Amino acid sequence: MKRLFLTACAFAALTAPASAETIAITGGKLIVGDGSDPVDGGIVVIRDGNIISAGSNIAIPAGATVIDAAGKWVTPGIFAGFSRLGLAEVDAVDGTNDKSGGRSGFSAGIDIAPAIDPFRTPIAVNRAAGVTRAVVAPEAGSNMFAGQGAIADLGNDGNAVTKARAFQFVEFGEEGAEKSGGSRSASHLTFRAMLREAQDYAAGRGTFDDLLLRAEDVKALLPVLRGETRLLVHVEAANDMLRIIELRRDFPELKLVFVGASEGWRVAGDIAAAGIPVIASALNDLPASFEQLAATQSNIGRMKNAGVKVAIGMIDDRDAHQLRYSAQYAGNLVSLSRVPRATGLSWNDAFAAITSVPADIMGVGERHGSLKAGRAADVVIWDGDPLELSSAAVSVYIDGILQPLDNRQARLRDRYRTPLEGVLPKAYEK
Amino acid sequence: MRVPGLCFAALALPMALMACANGGNEAPNSASSKASSKPAAKVVAPFASTYKAYPGAVTVIRGATIFDGEGGRIENGVVLLRDGKIAGVAGAITDIDVPADAITVDGAGMFVTPGIIDIHSHLGDYPTPSVAAHDDGNEATSPTTPEVWAEHSVWPQDPGFSRALANGGITSLQVLPGSANLMGGRSVTLKNVYSRTVQGMKFPGAPYGFKMACGENPKRVYGSKGRMPSTRMGNYAVNRQTWIKAQEYKKKRDSGKEFTRDIGMETLAGVLDGDILVHNHCYRADEMAQVLDMAKEFGYKVSTFHHAVESYKIADLLKANDVCSAVWADWWGFKMEAYDAIPENAALLNNAGACTVIHSDDENQIQRLNQEAAKAMADGRRMGMTITEEDAMRWLTINPAKAMGIDKMTGSLKVGKMADVVLWNGNPFSVYSRPAKVWIDGALLYDSADSARRPVSDFELGQPGSGDVK
């Protein structure tokens, strides 16, 4: 770990701080990320870490540093719709795994922000693959409420947190039932009871039941109750989604987002009518559990066609390490448009599902997820179609700062380009 | 690696001759003299394959780009399927004698490959739904269980078989025991064709494999139970003691005298005979090197290291020992022994001339092995290697077939081989491509345009989404 730390520091020292330099990226195929058509030869102008303008017929400001992206694709960075990025270096090594704080006894009060470590390898590896922002959620521990998640950036600096306490995360369905004592009825009761206690606390009737939750947990639920903080709900089964839609009648202020939603297509009309956006798993197509019997890769396309706002997320799917799969998953949804009877996404919609749509769903679409004036300048230049397997990110900007793309994997690759040892052992090749 | 003809078992286990004879495919046996030097076994072949190819029409696929699975590529080519076999592969229709009644499939703009082979699957022994009642992959009660056979755990109604077929073009797969044990038991090679019985899926004439595991899993599982092994050195000690017993058993068996059968020892003796192929779960380079020495000590051969995320560090050693590496494109970081995995692993192996196989170990990625190969190829190209698509296709076809001992029967589009064929609706190295049709032994078992050619397992029948495109 010492070596890793030093390496990370070396990168940081090489990184220019945010400056007033104006950058114009020109000549590439510009993808705004909002579902609109690509703009050939589009221009993106960046200053002070922000997008100043993007599109065709953009004037290049005098004195701007011009980056020629001819033959390349220029897009917003990938916004990972659901992850545990930065929470684990090695999943199975407990000391490096901060996903769950279950044994603490805390639940809703857990704030994941201080555990997001920008120096962890997965940040650097996924940054090199064009992922620039991520929704980072805790895992549920002591009860169905996992705690408060954050929006993070993957920049090479000491602070990954874009927005702390951006949402509360709760498990329903089979996992929620298990965390609540073994049944869905118990999880519904737990959910209601905890929110009622928070209401009582807010109303000054403050004798909360410390068997259920502690003061810090109650406090964290107050902005959820008021609809100020989103409540991300992991739910897979059609029936569970319908029951949660009903449950909201008693808590009308809740700002719900469904996560996972493998059977969402079966109740897509209800989800759309309820105005609940979804961060869905793109390629679940197996009955991995009885709550996913109707899983199909056409789920996202069907929900979208029914009017649901739907993004791609990767809950419980290598979600601390492989957010770089987001583009591959989006590409797979495009491939469905050529499979008879399947429902996929257009290329434009698929790319939006990993950029602007998750940002919009998380309430940060005015600042992230697209190349529009006023957004943070998270820009990636690719050597080809970013959804295609053969393509790679060649330049990554986060908040307007050009990022190093080196990482531990690249160093290992270079060391073993030829496996034979030379005049000294491999340990001397650095 | 020794490629023991079509019916490995005939070489050492006379009882297994029945398996071959019953299997529906020819099973040349060139070693009957060796077999007869051993005591005649009185048992008939247990659990013999009853697989029979389904009927298939004479079919000619025209106009597609062909990857033959052995490194060949033909633009605008022709493939003829007849009597369940590849009957012709050529660049022009005039080069093949096509029967007048052949069904013609227009492959313009499409690609033809051999059926994709997954050398590492737990479909059937860890089926979906992934409920506790289905945890049949690890007999985690003893660090060595050579006596168990994966096929006795396989549930032939696993919905995963249908997804692997329709989305992944998988036509053959090896189902292995898990990695909790140093010696996990026998694997089974299946045709990806639903059957009421496991025997009805067994690949006729395929050798058995034997699952072994290095590293973290065995020492964790048994160390946590307060028993040996609890360390890597314990892993090797238990293995070596067991191989000594196997050598003694083999000696007794070969002596011509009476001996008491032991089904675990039969499997280990089969490995020592060279008839059962060792598939060794092993992540770290240093551990693979230790295993190679252990294999030399006891006179057996490792066919393939699985999950070999550090193979790139010893590609030269693996090539020299003629051992395959079955790898993911880019899995990493989920456990300590996977920490040094890099996406260029497969490309570096390939570049060194070592046998490279892309595997899944996963019910989802088995549906996208072509995409995993595409990523691995792209990562290699980015570091300056020349890797052609037709070369990378070998990672999914002839290489796993060789490593599983079925390459004389399938794994490439060569005349006389099983007509295990995928027609892709675009380049299989593109994320935008999917199988359009899949033939197994010449039978059209998946057709994206015909919902009648999409299998639905018993488990899914009548459930929500039954028969959906998935």
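Residues numbered from 1 in each chain as written. Chains lettered and ligands numbered in written order. Predicted model: local features only at pLDDT ≥ 70, side-chain atom pairs only at ≥ 80, totals over all residues.

A.B. asks: Help me out: how do you make sense of the nonpolar core in this one?
C.D. replies: As a rule of thumb, soluble globular proteins bury nonpolar side chains together. Counting residues in each nonpolar core, the largest one holds 266 residues, and the members touching the most others are V44, V233, F258 and A330 of chain A. Those residues in contact with V233 of chain A, other than ones at most four positions away along the chain, are V170, F172, I244, L256, V257, F258 and V259 of chain A. (Core = buried A, V, L, I, M, F, W, Y, C linked by C-beta atoms within 7 Å. Buried ≥ 20, exposed ≤ 12 C-beta atoms within 10 Å, placed from the backbone. Contact = placed C-beta atoms within 7 Å.)

A.B. asks: Mind showing me how you'd approach helix α9 (residues 325-335) of chain A here?
C.D. replies: Three- or four-residue spacings in an α-helix give side chains the same orientation, since the helix completes a turn every 3.6 residues. Burial analysis of α9 of chain A places 11 of its 11 residues in the buried class, the great majority of the element. Within the span of α9 of chain A, buried status applies to Y325, S326, A327, Q328, Y329, A330, G331, N332, L333, V334 and S335 of chain A. Against the buried residues of α9 of chain A lie β6 (78-83), β7 (131-136), α8 (299-305), β13 (310-313) and α10 (347-352) of chain A together with α11 (369-382) of chain B. (Helix = DSSP H or I, 4+ residues; strand = E, 2+ residues; numbered from the N terminus.)

A.B. asks: Quick question: what am I supposed to make of the confidence of the model for chain B here?
C.D. replies: As a general rule, the predicted coordinates of low-pLDDT regions are not to be interpreted in detail. Averaged over every residue, the pLDDT of chain B is 92; the share at 70 or more is 91%. Under the prediction, the complex receives an ipTM of 0.95, its pTM being 0.93. (pLDDT = per-residue confidence, 0-100.)

A.B. asks: Would you take a moment to explain the sheet that holds strand β9 (residues 161-171) of chain A for this structure?
C.D. replies: Within a sheet, each strand pairs with its neighbour through backbone hydrogen bonds, oriented either parallel or antiparallel. Residues and elements named next belong to chain A. The strand order across the open sheet built from eight strands is β6-β7-β8-β9-β10-β11-β12-β13, with neighbouring strands paired in mixed fashion. Edge positions in the open sheet fall to β6 and β13, since each of these has one partner strand only. On average, adjacent strands in this sheet sit at an angle of 30° to one another, irrespective of strand direction. Relative to β7, β6 is paired through four bridges, and the arrangement is parallel. Following the sheet pairing, I78 is matched in β7 by V131. (Pairing = 2+ DSSP bridges. Axes fitted to C-alpha atoms, helices over the stretch in contact; angles between N-to-C directions.)

A.B. asks: Just checking my understanding: could you explain the pairing of strand β10 (residues 209-213) of chain B for this structure?
C.D. replies: As a general feature of sheets, a regular strand has side chains that alternate between the two faces. Residue and element names in this part refer to chain B. Taken across its five residues, β10 has five buried, putting it largely inside the fold. The pairing of strand β8 (residues 183-186) with β10 spans three bridges and is classified as antiparallel. In the strand pairing of β10, R186 is matched with F210. Bridging between β10 and strand β11 (residues 277-281) involves five bridges; their strand directions are parallel. By the bridge assignment, M212 is partnered in β11 with N280.

A.B. asks: How should I be thinking about the interface of chain B and chain A in this particular structure?
C.D. replies: Interfaces are often sized by the accessible area lost when the parts come together. Tallying the contact residues gives 48 residues for chain B and 41 residues for chain A. When residues of the side of chain B that touches chain A are assigned to their parent elements, the largest contribution, five residues, is made by α11 of chain B. For the side of chain B that touches chain A, a count of residues per class yields 22 nonpolar, 13 polar and 13 charged. (Nonpolar A, V, L, I, M, F, W, Y, C, P; charged D, E, K, R; others polar.)

A.B. asks: Explanation requested: unusual backbone geometry in the structure shown.
C.D. replies: Negative phi is the rule for most residues except glycine; trans is the rule for most peptide bonds. P129 of chain B follows T128 of chain B through a cis peptide bond whose omega is -5°. As for its position among the elements, P129 of chain B is in the loop between β6 (116-121) and α4 (160-168). Note the cis peptide between M228 of chain B and P229 of chain B, where omega equals 5°. Its location among the elements puts P229 of chain B in the loop between α5 (216-223) and α6 (232-254). We note that D316 of chain A has phi near 60°; this positive angle belongs to a residue other than glycine. For D316 of chain A, the location among the structural elements is in the loop between β13 and α9. A residue is classified by how many C-beta atoms lie within 10 Å of it, and D316 of chain A, with 15 of them, is partly exposed. Unusually for a residue other than glycine, H307 of chain B sits at a positive phi of about 60°.

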